[in-house]
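Inside the fold
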Amino acid sequence: ISARREHSIINVSCRMSYDEVQNFIDHGGVQKNWSAKEIGTLKKLVEITAKMRAFREKTEQFIDLPLPEVRVICDEKAGIVQGLEKRISRQAENLVEECMLAANQAVGNEMRDKSIAGIYRVHPEVEAERSMEFSDMMLDCFKLSVGNIADRKECRRFIASLDEKDPKYSVILNLLLRAMSRAGYAVNGDIHFALGKTFYAHFTSPIRRYADLTVHQQLWNFDRKTRTRSKQTLEITASWASEQEEVIDNACYAANDRLKLLMLKEIMEKDPGRIYEGIVVRVMSSGLQVDVEEFGLYGFVAKEHLRRKNSLRLPEDPRKSNWKVGNFICLRLHCIDFARGSAVFVPA
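Summary of the structure given here. (Residues numbered from 1 in each chain as written. Predicted model: local features only at pLDDT ≥ 70, side-chain atom pairs only at ≥ 80, totals over all residues. Heavy atoms only, no water.)

1. A few points about the overall build of the protein chain
Counting secondary structure elements, the protein chain contains 8 helices and 9 strands. For the protein chain, with 348 residues in total, the buried portion stands at 39%. Intrachain contacts of the protein chain at a sequence separation of at least 6 include 63% that bridge at least 24 residues. When the accessible surface of the protein chain is totalled, it reaches about 21,100 Å², and 52% of it is carbon and sulfur. Side chains of the protein chain give 53 positive and 49 negative charges; the mean places of these two sets differ by 1 Å. (Helix = DSSP H or I, 4+ residues; strand = E, 2+ residues; numbered from the N terminus. Buried < 20%, exposed > 50% of the residue type's maximum accessible area, 1.4 Å probe, protein only. Contact = heavy atoms within 4.5 Å. Areas by Shrake-Rupley, 256 points an atom, 1.4 Å probe, with all protein chains shown as cover. Lys, Arg positive; Asp, Glu negative; His and termini not counted. Charge placed at Lys NZ, Arg CZ, Asp CG, Glu CD.)

2. As for the pairing of strand β9 (residues 342-347)
Burial analysis of β9 places 5 of its 6 residues in the buried class, which makes it a mostly covered element. As paired elements, strand β7 (residues 297-302) and β9 share 3 bridges and run parallel to each other. Counted as the bridge partner of Phe300 is Val344 from β9. What sits between strand β8 (residues 328-337) and β9 in their antiparallel hairpin is a turn of 4 residues, with Gly341 showing a positive phi close to 65°. (Pairing = 2+ DSSP bridges.)

3. Remarks on the nonpolar core
The biggest cluster of nonpolar side chains holds 26 residues, and the ones touching the most others in it are Phe134, Met138, Phe142, Ile149 and Leu176. At the level of secondary structure, the elements contributing two or more residues to this core comprise α4 (128-142), α5 (152-161), α6 (169-179) and β5 (275-284). Ignoring sequence-local partners within four residues, the contact set of Phe142 consists of Met137, Lys168, Val171, Ile172, Leu175, Val325 and Gly326. Membership of the second largest hydrophobic core comes to 23 residues, among which are Val81, Val280, Val283 and Trp323. (Core = buried A, V, L, I, M, F, W, Y, C linked by side-chain atoms within 4.5 Å.)

4. Observations concerning the packing of aromatic side chains
Applying the stated criterion across every chain, the model contains 6 aromatic pairs. Seen from their ring centres, Phe24 and Trp34 are 6.1 Å apart, and the 65° between their planes marks the pair as edge-to-face. Here Phe24, found in helix α1 (residues 18-27), pairs with Trp34, found in the loop between α1 and α2 (36-60); they are 10 residues apart in sequence, far enough to count as distant. Exposure remark for Trp34: the relative accessible area of 6% places this residue in the buried category. With centroids separated by 5.8 Å and ring planes inclined at 85°, the aromatic side chains of Phe134 and Phe158 adopt a geometry described as edge-to-face. Note that Phe134 is positioned in helix α4 and Phe158 in helix α5, a separation of 24 residues in sequence. Residue Phe134 is classed as buried on the basis of its relative accessible area, which comes to 3%. Under the relative-accessibility criterion, Phe158 is labelled buried at 3%. (Phe/Tyr/Trp six-rings, centres within 6.5 Å; stacked < 30°, edge-to-face > 60°.)

5. A few points about the sheet that holds β8
Read around the closed barrel, the 5 strands follow the order β5-β6-β7-β9-β8; overall the barrel is mixed. Going across the sheet, the axis of each strand differs from the next one's by a mean of 55°, ignoring polarity. When β8 meets β9, the two strands line up antiparallel, connected through 6 bridges. Looking at β9, one finds that Ile336 is bridged to Ala343. In the packing of helix α8 (residues 231-270) onto the sheet, contacts are made with β5, β7, β8 and β9, and the angle to β8 comes to roughly 95°. (Axes fitted to C-alpha atoms, helices over the stretch in contact; angles between N-to-C directions.)

6. Thoughts on α6
Among the 11 residues that make up α6, 8 are buried, leaving the element largely enclosed by the rest of the structure. For α6, the full list of buried residues reads Tyr169, Ser170, Val171, Ile172, Leu173, Leu175, Leu176 and Ala179.

7. Here we look at the side chain of Thr237
Note on placement: Thr237 falls in helix α8. In this structure Thr237 touches Ile119, Tyr210 and Thr214, once residues within four positions along its chain are discounted.

8. A short note on the state of the cysteines
Applying the stated rule across the entire model yields 0 disulfides. We note that Cys99 lacks a disulfide partner, and the nearest cysteine sulfur, in Cys14, lies 16 Å from it. The partly exposed category is assigned to Cys99, whose relative accessible area is 34%. Cys330 takes part in no disulfide bond, and the closest cysteine sulfur to it belongs to Cys141, at a distance of 19 Å. Among the residues examined, Cys330 registers a relative accessible area of 45% and is labelled partly exposed. (Disulfide = S-S within 2.5 Å.)

9. Here we look at the environment of Tyr120
Relative to the elements of secondary structure, Tyr120 occurs in strand β3 (residues 120-122). When the C-alpha positions of Tyr120 and Tyr169 are compared, they lie 32 Å apart, and in sequence the two are 49 residues distant. When sequence neighbours within four positions are dropped, the list of residues in contact with Tyr120 reads Gly108, Met111, Arg112, Gly184, Tyr185, Ala186, Val187, Asn188, Gly189, Phe199, Tyr200 and Ala201.

10. Some details on the environment of Arg15
Turning to its location among the elements, Arg15 is positioned in the segment before α1. In this structure, the C-alpha to C-alpha distance between Arg15 and Trp34, residues 19 residues apart in sequence, is 9.1 Å. The residues contacting Arg15, other than those within four sequence positions of it, are Glu20 and Trp34.

11. Details of the side chain of Asn104
Its place among the elements puts Asn104 in helix α3 (residues 91-113). Judged by relative accessible area, Asn104 falls into the buried class, the value being 0%.

12. With respect to α8
A rise of 1.5 Å per residue sets the reference length of α8, with its 40 residues, at 58 Å; its end C-alpha atoms lie 58 Å apart and thus fit the reference within 8%. Among the residues making up α8, those that are buried are Leu234, Thr237, Ala238, Ala241, Ser242, Glu245, Lys260, Leu261, Met263, Leu264 and Ile267. (Expected span 1.5 Å × (residues − 1).)

Rendered as structure tokens:
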């Protein structure tokens, strides 16, 4: 309805974990250290953010990709990988997300209205060629009619038509995500396709993101009536922030995958005959890229390991065979290529 930005100091009276808040939402469970005031505040926050999300879905038609995240659980003291945890965003996480989105949007609107040069988060629409390629793949490999995913309403309609119990559900959503453009930073408040927003800023994480810190500095200087950075200067900052974000994302994914590879190596040593289920996500001249959902990891099957049921070798190029994206394949771990950060499988 409205927003007001304040220079403020907060006092944290209580720490609540996501699991504790989700238990409160689902079952009304409260912790012994929660006061009556804190419980009442949390209850209001749950109700308000649920309304905010419903209103945002109605007015902005945002795209929600409920992809599970497979996290590696480590014992930092012992220096060992303990296992994996599959998580999907719950209402407790959505509660924080709604407040974050509202704050980011309010700040973006303020910079626009007051003509303060800023950095905005932009997410271009899906390119027409990528949309056509994705539609063709879905029809050919999954017998699914998609439409134009560059149109947000059609994209939402396609996601809603999918069966969440289908074992290929996550694979399809991952392929949809890969078909989309990459988000980045810019000085013009262009569209954020997935969120259905414009003039959307990043403001809520100034400790870990430089774009957010820059926005804080611009607003602080504006409030104190001192000089703010120019749009031309921020263009350089926005470009640099986008480049660094991609570098950091790749490093984080690689580090997470490396821990999973270490875990696979231990499993292979203990149980070399273990069978894994994979789904083909890409057919290349060198072989198949497979999604091993159990580990949230992509693996590779080299073309020389692919054979037909009658033991005859496949054509030299697997793309000319009858392998398709979406095919299930039973796998056995062949080796771990740590240099390339890849798990190499063979058909079981």
